[in-house]
Each structure stands twice: as structure tokens, then as C-alpha cells.
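Listed below, chain by chain, are the residues.
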Amino acid sequence: MAGRASSGEFVFDGPTWSFPFRNGEGEFRISFPVAGMRLHYADGWPDIENLAADIEFRNAGLTGVVRSATLNGLKVETSSAQFVDFRTGELTINGRATGDVGDALGYLQKSPLAENLGNLFADLRGKGPVAAKVDILLPVKDIQEHKVLVTAEVNQASPVARRYATRTGRVAGRHPVQRQAAECYRPHCDIPRRAGTH
């Protein structure tokens, strides 16, 4: 983690023996804005870069509201991350990003999801606009039990499998990718015909 914070607020109101006030005995709060941050949130996942966010440690938890950031070339829009309680060690991330299909594929291919998505998916490249919604649960104490749902809205994209020199043509639709499976809902593919075929 690296970045800068220009200001902040600190509150500690309650008996020290009850810290971190899980049962409402008092209030502990540190809040501050950050800018220009690079965040390595879990091993094996691409870092969040150029992060501008509002961070708040409150009692036993942490909440971050992202104002802007980049993720493997994608532009991250309003998003949030939260540890409800550090004792459980569960980080939830809910966000939305826009950009190019190639960057979105690259993010998935660099993540722990890649192994479950297969060789053909690992070989895909593409161009075209995409808007992705990301919901992630990362149990920091047992990172292998992560849960991920990425829902991508694709419009007029052109993916290609390099190994097989196969281009699908234009692709549009809503394409959810989960931890161990890829599914498609309402997709549309325009596959060019070869000369002399019907």
C-alpha cells in the first residue's frame, strides 16, 4: 500500500478496556481521504492503482468508498470495500468499471479465476467497450475460499483466440463470470462467414 493523505480525523470515546467497542461501549474512528494510492489487496490479484478514496476505520471494521481508480487499465467508478469486523477477516468489494474488453479479459486472466476458466479463455484477446460490475468476497484468513461474480455488459466487442487464430466477430450482451464458471445471458455474436460458404 502506498499513497498520500492530506488530512484526517481521529475519535476515541469510551473505556480502553472495551476497545474496539464491538458491543457499542464507545466509539473509535479514524477517517481520511487518500489520493494516488496503489493498493495490493490480495496475493494473485491485480493491484488497484491511482486510487482516490475516503477511508474510515470505525470500531472493529473498515470502510472505503472509492471515488476513482484504475484496475488493469479499466476505469473504476464509484465502488466500495469493507471489513465489517477484522476478527472475521472478510473483505467485501462491490464496484463498477468501464474500459476496453482487452483490459477486462486481462484482469480475469491475471486473477485466481484464470485456472478455473480454462485454456481457451486464457488465450482470448479483444477490443471494444465494456462495463463490468464486480462483487468479491475475500476471506483474508482463507483466501482460497474467495467468491467472485463479474458481470460484464459488452457492446460490439471483437474477441479473438490467438492460439487458434479464431475471431468471433462482434459480441454483445451480458456475460457473468463466477469463481468456477463462465455463463452468458442474452449474448449476441455476429460471426463472419468465410468466402464460398452459406
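In what follows, the accompanying structure is described. Worth saying up front: this structure is predicted, and the values here are computed from it rather than measured. (Residues numbered from 1 in each chain as written. Predicted model: local features only at pLDDT ≥ 70, side-chain atom pairs only at ≥ 80, totals over all residues. Heavy atoms only, no water.)

**Focus: a nonpolar patch on the surface**
Working step 1: Together, F10, F12 and F19 line one region of the surface with nonpolar side chains, adding up to about 310 Å² of accessible area.
Working step 2: Mapping F10 onto the fold places it in strand β2 (residues 9-13).
Working step 3: Judged by relative accessible area, which is 55%, F10 ranks as exposed. (Patch = residues over 30% accessible without salt bridge, like charges linked within 9 Å, V, L, I, M, F, W, Y side chains within 5 Å. Areas by Shrake-Rupley, 256 points an atom, 1.4 Å probe, with all protein chains shown as cover. Salt bridge = Lys/Arg side-chain N within 4 Å of Asp/Glu carboxyl O. Helix = DSSP H or I, 4+ residues; strand = E, 2+ residues; numbered from the N terminus. Buried < 20%, exposed > 50% of the residue type's maximum accessible area, 1.4 Å probe, protein only.)

**Re the packing of aromatic side chains**
Working step 1: Scanning the model with the defined rule gives ten aromatic pairs in all.
Working step 2: Centroid distance F12 to F19: 5.8 Å. Interplanar angle 25°. Geometry classified as stacked.
Working step 3: The exposure class of F19 is partly exposed, given its relative accessible area of 40%.
Working step 4: Members of the aromatic cluster, connected to one another through ring pairs, are F10, F12, F19, F21 and F28. (Phe/Tyr/Trp six-rings, centres within 6.5 Å; stacked < 30°, edge-to-face > 60°.)

**A word on the pattern of salt bridges**
Working step 1: Taken as a whole and judged by the stated rule, the model has ten salt bridges.
Working step 2: For R29, the salt bridge identified is with E27, shortest N-O distance 3.0 Å.
Working step 3: On the basis of relative accessibility, which here comes to 13%, the residue R29 falls in the buried class.
Working step 4: Across the salt bridge formed by E49 and R38, the nearest N and O atoms sit 2.2 Å from each other. Residue E49 is found in strand β4 (residues 48-58), and its partner R38 is found in strand β3 (residues 27-39); the two are separated by eleven residues along the sequence.
Working step 5: Classification of E49 by relative accessible area gives partly exposed; the value is 27%.

**As for the nonpolar core**
Working step 1: The biggest cluster of nonpolar side chains holds 27 residues, and the ones touching the most others in it are Y41, W45, I48, L51, Y107, I136 and L138.
Working step 2: Listed by contribution, the elements that provide at least two residues to this core are β3, β4, β5 (61-71), β8 (90-100), α1 (101-110), β10 (129-139) and β11 (147-161).
Working step 3: Ignoring any residue separated from it by four or fewer positions in sequence, one finds I136 in contact with W45, L91, T92, I93, Y107, K147 and V148.
Working step 4: Among the nonpolar cores identified, the runner-up in size contains seven residues, and A97, V101, V130 and A152 belong to it. (Core = buried A, V, L, I, M, F, W, Y, C linked by side-chain atoms within 4.5 Å. Contact = heavy atoms within 4.5 Å.)

**So, unusual backbone geometry**
The bulk of non-glycine residues show a negative phi, and the bulk of peptide bonds are trans.
Working step 1: A cis amide bond, omega 15°, links F19 with the succeeding residue P20.
Working step 2: By the element assignment, P20 lies in the loop between β2 and β3.
Working step 3: One non-glycine residue, N59, lies in positive phi territory at about 50°.
Working step 4: Here N59 shows up in the loop between β4 and β5.
Working step 5: The backbone phi angle of N72 is positive, close to 50°, even though this residue is not glycine.
Working step 6: Its location among the elements puts N72 in the loop between β5 and β6 (74-76).

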